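# Structural characterization, general
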Amino acid sequence: MCLLLMNPEIYTAWNIRKKLFSKDLRNELYFIDLVLSKHPKRPSAWSQRAFVFNKLMIELTTQEDEKHQRRLHELEICNQAAERHRMNYHAWTYRWKLVSSSPINFRLLAFQDTRKYIQSHISEHSAFAHGLAVLESILGDRGCERDKVELFEQEIAVAMRLIVKYPGHKSPWCYLQGLYLISLRLNKGLQSDESGLLEAAIQNRVTELSSFSRSTVDGQQLSEVDILDEFEPWHQTQVSRNRWSEGEGGLLASLFGFGSWIIAASKSVIYSRGSDTLVNGSIWQNQIEVALDFQLYLLLGVNGVDATRQEIKRELKGIGGWPAFLLHV
């Protein structure tokens, strides 16, 4: 026991414990709790935990209440390990194994817990990736389609608010990109058809977004709070006009419009602070660069909604400012 507390990477010691404590699984989990409190990123300890926990779940086949309590305890251990050591890949991998093999109700609970975590750990890529995996597993289950679409749309809004609240961070942009991929894979009716081209609506919307600086700066300095305040009416407009429906290009067009809004808003902040140029290295310049990368991905990254993608390119050609190779149609 003392040996593993000092160095938990001695696999022989763990294998001996598998034989000695095969009938005392709960105490073995408590011992691993102690090891992980000192060494939260040791793969051998997480491997031992997975072995012991799976055996315990087999023993508790008919005891659903205790199984649920055990899952909650495992979730808490994963949270503690993630707090003690950031970017803890082994903890998030174990958490995914736990959640993916659990009933839908527990997956929903775990997803809400992950959502809460990422909102206070904005650079934790592993947490964002885990959230996407859990959400996709929930959406992939049959039944309650209406509730699942509502959950998905709520998560789109959560990702957008994180982007607005924490400018320059790439993790929430990757999260939003992952949500778009999920929508394509699960075919939730978010793709467009020939009758759903953006036509003149794209030009009008891009013009509106480009005029953001003229309509909101008005001689005063903007901050992250001001931008967040401006986001809410924009988002409500998207929802009220059903921007995520098939009729106006689906999710791809709405996400592209969001990227344009972010670029215009970031430029407004920079110019309102007395700078005539975009300063390299600032959080707002980083926000613009990440937003452009995101739009580039939407136009070139994946198959699907090709008619909408081509229509966006045609409209952007007239506005200018994008590389010719990107807008080739």
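Up top is the structure.
An account of the accompanying structure is given in this report. (Residues numbered from 1 in each chain as written. Predicted model: local features only at pLDDT ≥ 70, side-chain atom pairs only at ≥ 80, totals over all residues. Heavy atoms only, no water.)

## Brief notes about the pattern of salt bridges
One side chain can pair with another of opposite charge once the charged atoms of both are near each other. In this structure the tally under the stated criterion is eight salt bridges. The residue R49 makes a salt bridge to D33 at a minimum N-O spacing of 2.7 Å. On the criterion of sequence distance, the pair formed by R49 in helix 4 (residues 43–59) and D33 in helix 3 (residues 25–38) is long-range, its members being 16 residues apart. For R49, a relative accessible area of 0% puts it in the buried group. Here R115 makes a salt bridge to E155, at a shortest N to O gap of 2.4 Å. (Salt bridge = Lys/Arg side-chain N within 4 Å of Asp/Glu carboxyl O. Helix = DSSP H or I, 4+ residues; strand = E, 2+ residues; numbered from the N terminus. Buried < 20%, exposed > 50% of the residue type's maximum accessible area, 1.4 Å probe, protein only.)

## Digging into helix 10 (residues 171–186)
Structurally, the α-helix is built with 3.6 residues per turn, so residues lying three or four positions apart point the same way. With 16 residues, helix 10 ought to run about 22 Å at 1.5 Å a step, and its terminal C-alpha atoms sit 22 Å apart, in line with that. Among the residues of helix 10, those classed as buried are S171, P172, W173, Y175, L176, G178, L179, Y180, I182, S183 and L184. (Expected span 1.5 Å × (residues − 1).)

## Brief notes about the packing of helix 6 (residues 89–100) against helix 7 (residues 104–118)
Running from N to C, helix 6 and helix 7 cross one another at 150°; their axes reach a closest spacing of 10 Å. Taken together, the axes of helix 6 and helix 7 lie roughly antiparallel to each other. Along the contact surface, helix 6 presents W92, R95, L98 and V99, while helix 7 presents F106, R107, A110, D113, T114 and Y117. (Axes fitted to C-alpha atoms, helices over the stretch in contact; angles between N-to-C directions. Parallel < 35°, antiparallel > 145°, perpendicular 65-115°, else oblique. Contact = heavy atoms within 4.5 Å.)

## Some details on the packing of aromatic side chains
With the rule as written, the count across this model stands at six aromatic pairs. On the basis of an interplanar angle of 55° and a centroid distance of 5.1 Å, the ring pair of W173 and F294 is categorised as tilted. In this pair, W173 sits in helix 10 while F294 sits in helix 15 (residues 283–300), placing the two residues 121 residues apart along the sequence. For the pair shown, W173 and F294 are each scored as buried. Taken together, W173, F258 and F294 form an aromatic cluster joined through their ring pairs. Of note, K18 hangs over the ring of F51, and the distance from its end group to the ring centre comes to 4.7 Å. (Phe/Tyr/Trp six-rings, centres within 6.5 Å; stacked < 30°, edge-to-face > 60°. Lys NZ or Arg CZ within 6 Å of the ring centre and 35° of its normal.)

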